[in-house]
Amino acid sequence: MEILTQQLFNGLTIGSVYSLVALGLTLVYGILHIPNFAHGALYMLGAYVTLTSMLLWDFNYWLAISISIIVVGLLGVLMERLVFNPLKNAPPIHDKIAAIGILLFLEAFAQLMWGADYRSMSTPYGEVVNIFGTTVTMQRVLINVGAVIVMITLYLFLKKTIVGSTIIAMAQNRKGAHLVGINTNKVAMLTFLISGALAAIAASLSAPINLVFPGMGHLVILKAFVIIILGGMGSIPGAIVGGYILGFSESLGATYISNDYKDIIAFVLLIIILSFKPQGLFSKEGV
Amino acid sequence: MKIVRLLAFLIMLALVMILTGCIDDTSNDASGEDEAEADTDVEEPETEEGEEVVNIGFSGPLSGSAAFYGERSLNGMKMAVDEINEEGFEVDGQTYKLNLVPLDDKYLPNETASNAKRLLQENDTPIIYSPHSGGIKAMQVFNEEEDFIIGGYSSEPGITEEGNDLTVRIPPRYDGYMEPFTEYSMERYGEKIAALPTSSQYGKDWSENLLPYWEEQGGEVVYDSSIDFSKETDFFTTVTNALEEDPDVLFIGGPSEPTAKLASQARELGFEGGFIVMDQAKLDEMRKVVEEETYELFEGSVGVTPLVDSEYPGTDEFVEKYRAEHEEDPGSEAGFHYVSLYVFMEAMKEAGTVDEPAEIRAHMQDGLEQLPEDKQVYTIPEIGEDGGFNSGISMAAVEDGEIVPIEVEE
């Protein structure tokens, strides 16, 4: 029993990180139909910016995260302006190639700037708490709670504000949105801003339980793609549910089946779900 | 619009520059070295009239994910070269100086092989170093034919088991650690072990050696898996499962930093037993990651003695000098590369030649005996028939929050 609750909690933690990363990815895909391979690099930069502001200016953790959100968000906007916007009339393959190019560029850039070695981010929330035999650390609680808050905020923003509705409108029909007077350029930039911010939040929350290094984006990006395919490309509830499905299947699969096969379990699950729902769990109706 | 774009780009660039500006000026211990990127340039030695130059080759990872490892290795060699070149050395009445030629192989064996060819053609190097077993094996394909010595920094026994006459294995073989590590951990903590090393080939080799030996000694393997440090975001899941089997000892290893994270997460989950730490991870580097002053968190770990805690005749001087130059503690890779270059130089003197590798190899034992005591960062009494340095096992354990060297009976 104890191990089940412990593993459920572990799955929840890892699922929260996956969901946050997948959300950013699915937003961009839903609106611009770009598979943003560089999203993992944004995640990595988010961790580095937080770490740097903590070390360099002795900022506290929360302030450092805010700076990271702004910097990485703006970097996302810059990516849209400099790379994806000029390519909007090009064949779709060009977007994909450009995204991979950005990924390689940003990784090499991080290595040049911060060096190749592993760094660790210290957290003010390191203490261990025991709840009914389940071991949690404050940082992990923070990841879970933080993820839920971010998801709710995002939901309210999209559903309850005019600006948010423009994003949904554009996801539903780009031309239609343009016709009713929505500035599609602005919406595209806004989407990249949110996407970068989500990556920065996910990275800053999860970095203290792992390490910060130039290749850290690979840890999550492949799984994030699995999640958005699983949940339906462009679907927001799909990204959230998909993230938790993957997190739980990893932790429970490792426990009750085999640790060595836990990645296989996740991918088998993907195949099964896609055979029954080829479009993904929440395919495209209303973001 | 163009101007706006350019402006936005410049502002972002400036912001990033500011952010990265002086991350290393802070007191973060774990940030390690970064000045190294400029360090791979090596100056040619100044030669006076009548002096000649011997080129020494090096092919290791100087970029990519293992760059810090290659750079530390190279730093050790550079220190030795600088010291030797102050006076030069005399072989058969002729004064020589050393010239180090480092090339980057990005940790890829095929690159090592082509680097070696290039070093031979352009620099005519009698000795080529490589700090990874893949690269060493790639060079072994042609080193006897093309006549050069491989200075191999790898504890993989395989590199000296093939009967290659011109390979020198610098560190001790890792299989020597099995017995003392097992004995210590079993006695102090108990008979149940859970294995969670890195999932690299090297981690698997270690598991395959350690676990059967552990069982032979009457122990029990309760959990046997591995962790891919390049794929796992969180180690809690795996560690929870391993601890569910109630082990007395955890076998962990891989690069120092993730290994340290793994150990501290095991402690968070309530593990109170000991750790057997693979030789790839170094206890002193692990401590820096968890930002603790003492080794308390790693109580009961057995591993390779960190160089800074070793007590060979030349260690203190080397450590001091290295700290002054690089502002960090040297690891064993720097120490072994340093001492081995001195041994090669002494062997050249004894052999009376700088360009006949077979002769140099034949006089390695004399070279080891001639090595002055103050250069013995590690004491290496002999070189085996197979070309491996028999420096003996140097192990340490954490007891009461401190590193304690453990005597190993040979």
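Keep in mind the model is a prediction, meaning the values are calculated, not measured.

A. Molecular detail of the overall build of chain B. Summing up its helical and strand segments, chain B has 15 helices and 15 strands in all. Going through the 410 residues of chain B one by one, you find that 51% of them count as buried.

B. Representation of the packing of helix H1 (residues 2-32) of chain A against helix H10 (residues 236-256) of chain A in the model. Residue and element names in this part refer to chain A. At a closest axis distance of 7 Å, the pairing of H1 and H10 adopts a crossing angle of 145°. Considering only the axes of H1 and H10, their crossing is right-handed. When grouped by side-chain class, the residues that make up the contact of H1 with H10 number 13 nonpolar, 12 polar and 1 charged.

C. Spotlight on the packing of H1(A) against helix H9 (residues 236-244) of chain B. Between H1(A) and H9(B), whose axes approach to 9 Å, the crossing angle comes to 170°. Here H1(A) is positioned roughly antiparallel relative to H9(B), judged by the angle of their axes. Our pair here, H1(A) against H9(B), has a crossing hand that is right-handed. Here Ile3(A), Gln6(A), Gln7(A) and Asn10(A) of H1(A) lie close against H9(B), whose contacting residues are Phe236(B), Thr237(B), Thr240(B) and Glu244(B).

D. Spotlight on the sheet that holds strand S14 (residues 395-399) of chain B. All names here are of chain B. With respect to topology, 7 strands assemble into an open sheet ordered S8-S7-S9-S10-S11-S14-S15, the strand pairing being mixed. Each of the sheet's edge strands pairs with one partner strand only, and the pair in question is strand S8 (220-224) and strand S15 (402-406). Neighbour-to-neighbour, the strand axes of the sheet open up by a mean angle of 25°, direction not taken into account. As paired elements, strand S9 (residues 249-253) and strand S10 (residues 274-277) share 4 bridges and run parallel to each other. Following the sheet pairing, isoleucine 252 is matched in S10 by valine 277. Where helix H10 (residues 256-268) meets the sheet, its contacts fall on strand S7 (192-197), S9 and S10, and the angle it forms with S9 comes to roughly 155°.

E. Geometry of the sheet that holds strand S2 (residues 89-91) of chain B. Residue and element names in this part refer to chain B. As summarised here, the arrangement of the 6 strands in space is S2-S3-S1-S4-S5-S6, forming an open sheet in which the pairing is mixed. The strands lining the two open edges of the sheet, one partner per strand, are S2 and strand S6 (167-169). With direction set aside, neighbouring strand axes in the sheet form an average angle of 30°. This element, helix H13 (residues 332-351), spans S2, strand S4 (127-130) and strand S5 (149-152) of the sheet and lies at about 35° to S2.

The rules we used
- Residues numbered from 1 in each chain as written.
- Chains lettered and ligands numbered in written order.
- Predicted model: local features only at pLDDT ≥ 70, side-chain atom pairs only at ≥ 80, totals over all residues.
- Helix = DSSP H or I, 4+ residues; strand = E, 2+ residues; numbered from the N terminus.
- Buried ≥ 20, exposed ≤ 12 C-beta atoms within 10 Å, placed from the backbone.
- Axes fitted to C-alpha atoms, helices over the stretch in contact; angles between N-to-C directions.
- Left-handed = near helix turned anticlockwise from the far one by under 90°.
- Nonpolar A, V, L, I, M, F, W, Y, C, P; charged D, E, K, R; others polar.
- Parallel < 35°, antiparallel > 145°, perpendicular 65-115°, else oblique.
- Contact = placed C-beta atoms within 7 Å.
- Pairing = 2+ DSSP bridges.

So far we have only geometry, and geometry alone does not tell us how the molecule works.
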